[in-house]
Amino acid sequence: MSTRVNPNCRLEDQGIEGLGRVYYNLLEPALMTEAVARGEGRLGLGGTFLVSTGAHTGRSPKDKFVVRTPEVEDTIWWENNKPMEPEAFDRLHADMLEHMKGRDYFVQDLFGGADAEHRLDVRVVTEMAWHGLFIRHLLRRPEAQELAGFTPDFTIINCPGFKADPARHGCRSETVIALNFQKKLILIGNTAYAGENKKSVFTLLNYLLPEKGIMPMHCSANHAIGNPDDSAIFFGLSGTGKTTLSADPSRVLIGDDEHGWSGNGIFNFEGGCYAKTINLSAEAEPEIHATCSRFGTVIENMVADPDTLELDFEDNSITDNMRCAYPLEAISNASPTSLGGSPRNVIMLTCDAYGVLPPIARLTPAQAMYHFLSGFTSKTPGTEVGVTEPIPTFSTCFGAPFMPRRPEVYGKLLAEKIAQHGASCWLVNTGWTGGAFGTGKRMPIKATRALLAAALDGSLNGVEFRKDANFGFEVPVAVPGVGDKLLDPRQTWADPAAYDAQAAKLVQMFSDNFAQYLEAIDDDVRAAAIG
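Residues numbered from 1 in each chain as written. Predicted model: local features only at pLDDT ≥ 70, side-chain atom pairs only at ≥ 80, totals over all residues. Heavy atoms only, no water.

## Focus: the overall build of the protein chain
Alright, step 1. In terms of regular secondary structure, the protein chain is built from 15 helices and 30 strands.
Alright, step 2. Expected size for 531 residues packed as a compact globule is a radius of gyration near 24 Å; at 23 Å, the protein chain falls within 12% of this value.
Alright, step 3. The C-alpha extent of the protein chain, read off along each of the three principal axes, is 70 × 55 × 45 Å.
Alright, step 4. Taking all 531 residues of the protein chain together, 61% fall into the buried category. (Helix = DSSP H or I, 4+ residues; strand = E, 2+ residues; numbered from the N terminus. Rg over C-alpha atoms; globule rule 2.2 N^0.38 Å. Buried < 20%, exposed > 50% of the residue type's maximum accessible area, 1.4 Å probe, protein only.)

Here it is as structure tokens:
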């Protein structure tokens, strides 16, 4: 094991001392062996790892803090990021190091970013072996020879067994996620939900990359077979279809969640996928479904038959946010490089629980900026603690929980990239049709796929469009393979007057939300504002 770590950069060289046994950069079979032996979970069909995360089955955004140091005082978006005083962080750090003494830990040295020029070297220290397996799937794995010289840019310490003291540590509860950019350190305590690990790295990159002129994006991405320059990105929050829609067998998958857009093109931050599995079917999503019986896949918070270990994809008794984590190579059409050219198409996914928006709309660049800054969607059940039904929300940049900087920073970067490369922009609604949540039904995925295919191959630009009276964007009138009625949301409602009232309500919500950006945006975006 000692050959799989930089001999000059062990934990003790970072001031982490007095531990039990430390396992450096174990491979998947060894991590699974340790996880099973320690009772962290059990083996599932095909050699998967079945695990429950306990009380936390989603992220805890209210418990996430950024340490308020002079270096970041003027660049952090404090209205969106809770501050922690440096002295409180120091106490938290000291108490966590004390908690770690005598315990075994698992270290994974990994890369955040497929583009070697812009990647972040991250060390993840976990007290659970399966967290090591998870993050090994989700980040990018160095070659064995690269480990001997690996020195982390940032270190994450994750101790689910550690409980914070709000009074002593300056946090909200016993659960804490604290980012210290000055010390290049992230501390996570009292949550076993593995998604906190990957989203901490995403938050780091969202802060660091804009200084280099690189646009960090909460999006999935793919490109045409044989043509990496014909790429597309899909912005969207959890539950909008980023993973499902980017895993298109007729295109090459670059990644499903987090990417950067640099002068070289787009690159995946990650080396794996973290897919929601509720109602997952082999018919609709065969590749993702197949990973749920693949060796090494982490199956998180799913109900399995106690005897046969067959997974129940419809049983949400643990959480709606049940997931599987697997490396990108588990998807047959995944790109071996996780790189692509600058996108020709920019798709913004929204899950409209009001049932008002059309399944697809064409956006001008100014409208694209408007919808990017608005970030309208619905939080879907399970993705955050306490969310049990869809809640309409505005999450700027389609990822407000992970954005350390002001939204205008990301909006300006995206506008510059779109203008420079002439990308086509689309708004796609994967939410409700025929009525709001509780009355209508989810948008048929076959229709969404057909509309996206037409957008990506260019044929959608050749059909007739109408201007939407409420939102001002262009909506196709007829598309082969898609019912004309579905394209006009008002026609899908039993009561058109009820649709009009709901649409007016949503327009007002857009207008009220966007008022906060009016002073910081360009005239063309202000002119595109709704309401």
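Don't stop here, the text continues.
## Considering the nonpolar core
Alright, step 1. One finds Trp130, Phe134 and Phe181 to be the most contacted residues of the largest nonpolar core, which totals 48 residues.
Alright, step 2. With six residues, the single largest contributor to this core is helix 3 (residues 129-138).
Alright, step 3. Look past the residues within four positions of Trp130 in its chain and what remains in contact with it is Ala35, Glu40, Phe49, Val51, Thr53, Ala192, Ala194, Val298 and Glu300.
Alright, step 4. Core analysis: the next-biggest nonpolar cluster, separate from the first, contains 47 residues, Leu363, Leu373, Trp493 and Tyr517 among them. (Core = buried A, V, L, I, M, F, W, Y, C linked by side-chain atoms within 4.5 Å. Contact = heavy atoms within 4.5 Å.)

## Remarks on the pairing of strand 20 (residues 323-327)
Alright, step 1. Counting buried residues along strand 20, five of its five residues qualify, which places the element largely inside the surrounding structure.
Alright, step 2. Taking every second residue as pointing to the same face, both faces of strand 20 are buried, with Arg323, Ala325 and Pro327 on one and Cys324 and Tyr326 on the other.
Alright, step 3. Direction of pairing for strand 16 (residues 272-276) relative to strand 20: antiparallel, over a ladder of five bridges. Note that in strand 20 the partner of Tyr274 across the bridge is Ala325. (Pairing = 2+ DSSP bridges.)

## Topic: the sheet that holds strand 3 (residues 49-51)
Alright, step 1. The sheet built from five strands is open, its strands ordered 2-3-17-20-16 with mixed pairing. Every interior strand has two partners, whereas the edge strands, strand 2 (42-43) and strand 16, have only one.

## Concerning helix 6 (residues 195-208)
Alright, step 1. Counted at 1.5 Å a residue, the expected span for helix 6 with its 14 residues is 20 Å, and the 20 Å between its end C-alpha atoms agrees.
Alright, step 2. Burial analysis of helix 6 places 13 of its 14 residues in the buried class, which makes it a mostly covered element. (Expected span 1.5 Å × (residues − 1).)

## Points about the packing of aromatic side chains
Remark: the centre distance and the inter-plane angle together describe each pair of aromatic rings, the angle taken between the planes.
Alright, step 1. Scanning the model with the defined rule gives 21 aromatic pairs in all.
Alright, step 2. Centre to centre, the rings of Tyr193 and Tyr274 are 6.2 Å apart; their planes meet at 45°, and the pair counts as tilted. Taken together, the residues Tyr193 in the loop between strand 10 (185-189) and helix 6 and Tyr274 in strand 16 connect sequence positions 81 residues apart.
Alright, step 3. A relative accessible area of 3% places Tyr193 in the buried class.
Alright, step 4. We classify Tyr274 as buried; its relative accessible area is 6%.
Alright, step 5. Arranged with centres 5.3 Å apart and planes meeting at 50°, the rings of Phe376 and Phe394 form a pair that is tilted. A residue pair is termed long-range when its members are at least 10 positions apart, and Phe376 in strand 24 (residues 376-379) and Phe394 in strand 25 (residues 391-394) qualify at 18 residues. Each member of the pair, Phe376 together with Phe394, is buried. (Phe/Tyr/Trp six-rings, centres within 6.5 Å; stacked < 30°, edge-to-face > 60°.)

## Side note on the pairing of strand 10
Alright, step 1. Burial within strand 10 is extensive, with five of its five residues counted as buried.
Alright, step 2. Burial along strand 10 is two-sided: the face carrying Leu185, Leu187 and Gly189 and the face carrying Ile186 and Ile188 are both buried.
Alright, step 3. When strand 9 (residues 176-180) meets strand 10, the two strands line up antiparallel, connected through five bridges. By the bridge assignment, Ala178 is partnered in strand 10 with Leu187.
Alright, step 4. Hairpin connection between strand 9 and strand 10: a loop of four residues separates the two successive antiparallel strands, and Lys184 in this loop has a positive phi of roughly 55°.

## A word on helix 1 (residues 28-37)
Alright, step 1. Looking only at helix 1, the buried set comprises Glu28, Leu31, Met32, Glu34 and Ala35. Taken end-on, helix 1 shows its buried residues confined to a sector of 165°, consistent with a single buried face. Among the exposed residues of helix 1, those oriented more than 90 degrees off its buried face are Thr33 and Ala37.
Alright, step 2. Gly39 lies just past helix 1 and shows a positive phi near 75°. (Arc of directions from axis to C-beta.)

## Observations concerning the pattern of salt bridges
Alright, step 1. Summed over the entire model, instances satisfying the criterion amount to 26 salt bridges.
Alright, step 2. Between Arg405 and Glu211 there is a salt bridge, with the nearest N and O atoms lying 3.1 Å from each other. With Arg405 in the loop between strand 25 and helix 10 (407-421) and Glu211 in the loop between helix 6 and strand 11 (215-224), the pair connects residues that are 194 residues apart, well separated along the chain.
Alright, step 3. The partner of Glu408 in a salt bridge is Arg406, with the nearest N and O atoms 3.0 Å apart.
Alright, step 4. Each of Lys198, Lys199, Lys242, Asp257, Glu258 and Glu270 takes part in one network of salt bridges that share partners. (Salt bridge = Lys/Arg side-chain N within 4 Å of Asp/Glu carboxyl O.)

## Overview of the UniProt feature "binding site: Mn(2+)" (unreviewed entry) in the protein chain
Alright, step 1. UniProt tags Lys199, His218 and Asp257 as "binding site: Mn(2+)" (unreviewed entry). For the residues just named, distributed over 59 residues, the greatest C-alpha separation is only 10.3 Å, placing them together at one site.
Alright, step 2. Tracing the backbone shows Lys199 in helix 6.
Alright, step 3. Taking the relative accessible area as the measure of exposure, Lys199 reaches 8% and is therefore buried.
Alright, step 4. Beyond its immediate stretch of four places on either side in the chain, Lys199 contacts Arg59, Lys64, His218, Asp257, Glu258 and Phe402.
Alright, step 5. By secondary structure assignment, the location of His218 is in strand 11.
Alright, step 6. In this structure His218 comes out as buried when scored by relative accessible area, which is 3%.
Alright, step 7. In this structure, His218 is in contact with Lys199, Phe202, Phe234, Phe235, Gly236, Leu237, Ser238, Lys242, Asp257, Phe398, Gly399 and Phe402, ignoring residues within four places of it in sequence.
Alright, step 8. Side chain to side chain, His218 and Lys199 meet in a polar contact 3.2 Å long. (UniProt positions renumbered as here; feature names shortened; annotations may be inferred. Polar contact = N/O pair within 3.5 Å; in protein donor to acceptor, adjacent residues only side chain to side chain.)

## Concerning the sheet that holds strand 6 (residues 105-112)
Alright, step 1. The strand order across the open sheet formed by eight strands is 1-6-7-8-10-9-4-5, and the pairing between neighbours is mixed. What marks the edges here is a single partner per strand, and that holds for strand 1 (22-24) and strand 5 (82-84). In this sheet, adjacent strand axes meet at a mean angle of 25° when their direction is disregarded.
Alright, step 2. Here strand 4 (residues 64-67) pairs with strand 5 via three bridges, running parallel. Within strand 5, the position partnered with Val66 by the bridge is Pro83. (Axes fitted to C-alpha atoms, helices over the stretch in contact; angles between N-to-C directions.)

## Regarding unusual backbone geometry
Alright, step 1. In this structure, Asn25 is a non-glycine residue whose phi angle is positive, near 55°.
Alright, step 2. Within the secondary structure, Asn25 is located in the loop between strand 1 and helix 1.
Alright, step 3. Residue Asn25 is classed as buried on the basis of its relative accessible area, which comes to 0%.
Alright, step 4. The residue Leu309 is not glycine, and still its phi comes out positive at about 65°.
Alright, step 5. Inspection of the secondary structure assignment puts Leu309 in the loop between strand 18 (303-304) and strand 19 (311-312).

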